[in-house]
Amino acid sequence: MTLPKKRLQRAKFALPSFVTLLSIACGFGSIVISVDNAYLGDAHDYQMAAALLVLAGVFDALDGFVARATGTSSEFGVQLDSIADVMNFGCAPAVLLYCYGFVLLGQDHGQLLRIGGIASFIFVACGALRLARFNVMVGRTDPKYFVGMPITAGAACVASAVVAWPEPATTARHAYLIVVLLLLVGFLMVSTIRFPSSKQKKSKAALVLLVACLALFAWLTTSFFALFFVVYVAGTLALNLAWKSGWKGIAPPIVYGNEDL
């Protein structure tokens, strides 16, 4: 193989990792903005930090697509992607919610600041556990369903609250609602509740749902994301309860004998 071809081959293998590094840059940028804004409480900056998490999610989806399109999937890329996910969708949203919900109030309520720090850490820990479980269970679960809420969805879920209500918490009640949100999403990530994945069979109903979501987004703008995740979680919980009661209107996930949940 000639030298130019070797360089081209190396560049091709480096491309997915470069996209992953772009996602890490977005996650790091979100953390920096959140920390810099902690004692200022500028709503626009908090929305920007949340938007960077969304952009990190876009790059997270693209790195896998690029790897498959170029035939450059590797164990190194898988490990780098997993590390990136812990930072982008575990640490970054936890820091965002900590700064947004507790820092300003914590100047007068030290106990609330500590509670917020613990809740934020629990969210990060649950995200890390969720990723570790996913990594060891690849090929051992029904690909049409995730076991527990995906960490990317968990990050988007908590960030959607900031997008919808960008003004930082000014009351203890608001701060405690954020604590509940962090703990609830953390629990959903480490639970065994089955969440539908993107590998579901495409249908006309899915297309209608997509069009309805776009229409609602145009109408509600930033509030749409909070509504979307409320419906997403409530619908998933209702579906799992229906399966437990014996309903088979939607085919339940295939349970393999070697699953260790």
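Note that this is a predicted model, so its numbers are computed, not measured.

**Re the nonpolar core**
Part 1: One finds Leu-96, Leu-97, Met-149 and Leu-182 to be the most contacted residues of the largest nonpolar core, which totals 52 residues.
Part 2: Of all the elements in the fold, those that place two or more residues in this core are helix H1 (3-36), helix H2 (43-70), helix H3 (75-106), helix H4 (110-136), helix H5 (151-164), helix H6 (172-190) and helix H8 (223-244).
Part 3: Ranked by residue count, the leading element in this core is H3, at 10 residues.
Part 4: When sequence neighbours within four positions are dropped, the list of residues in contact with Met-149 reads Arg-130, Gly-154, Val-185, Leu-188, Met-189, Phe-195, Tyr-232 and Val-233.

**Some words on the packing of H2 against H5**
Part 1: It is the contact of H2 with H5, at a shortest axis distance of 9 Å, that shows an interaxial angle of 155°. In this view, H2 runs roughly antiparallel relative to H5, as classed from their interaxial angle. Classified by chirality, the crossing of H5 by H2 is left-handed. In contact with Tyr-46, Gln-47, Ala-50, Leu-53 and Asp-60 of H2, H5 contributes Thr-152, Ala-159, Val-162 and Val-163.
Part 2: Of the residues assigned to the contact of H2 with H5, the class counts are six nonpolar, two polar and one charged.

**Notes on the UniProt feature "transmembrane region" (unreviewed entry) in the chain**
Part 1: Mapped onto this structure's residue numbering, the UniProt feature "transmembrane region" (unreviewed entry) falls at residues 12-34, 46-66, 86-106, 112-132, 144-163, 175-195 and 207-234.
Part 2: Regarding residues 175-195, the helix share stands at 76% and the strand share at 10%, and the terminal C-alpha atoms are separated by 28 Å.

**Considerations on the environment of Ala-128**
Part 1: With respect to the helices and strands, Ala-128 occurs in helix H4.
Part 2: For Ala-128, a relative accessible area of 34% corresponds to the partly exposed category.
Part 3: C-alpha of Ala-128 to C-alpha of Ile-151: the two residues are 23 residues apart in sequence and 8.4 Å apart in space.

**Concerning H2**
Part 1: Relative to the 40 Å expected for 28 residues at 1.5 Å per residue, H2 spans 41 Å between its end C-alpha atoms, a close match to the ideal helical length.
Part 2: The distance from a side-chain oxygen at the start of H2 to the backbone nitrogen of His-44 is 3.1 Å, and the residue carrying that oxygen is Asp-42.
Part 3: Of the residues flanking the end of H2, it is Gly-71, one or two places downstream, whose phi is positive at about 65°.

The rules behind these values
Residues numbered from 1 in each chain as written. Predicted model: local features only at pLDDT ≥ 70, side-chain atom pairs only at ≥ 80, totals over all residues. Heavy atoms only, no water. Core = buried A, V, L, I, M, F, W, Y, C linked by side-chain atoms within 4.5 Å. Buried < 20%, exposed > 50% of the residue type's maximum accessible area, 1.4 Å probe, protein only. Helix = DSSP H or I, 4+ residues; strand = E, 2+ residues; numbered from the N terminus. Contact = heavy atoms within 4.5 Å. Axes fitted to C-alpha atoms, helices over the stretch in contact; angles between N-to-C directions. Parallel < 35°, antiparallel > 145°, perpendicular 65-115°, else oblique. Left-handed = near helix turned anticlockwise from the far one by under 90°. Nonpolar A, V, L, I, M, F, W, Y, C, P; charged D, E, K, R; others polar. UniProt positions renumbered as here; feature names shortened; annotations may be inferred. Expected span 1.5 Å × (residues − 1). Polar contact = N/O pair within 3.5 Å; in protein donor to acceptor, adjacent residues only side chain to side chain.

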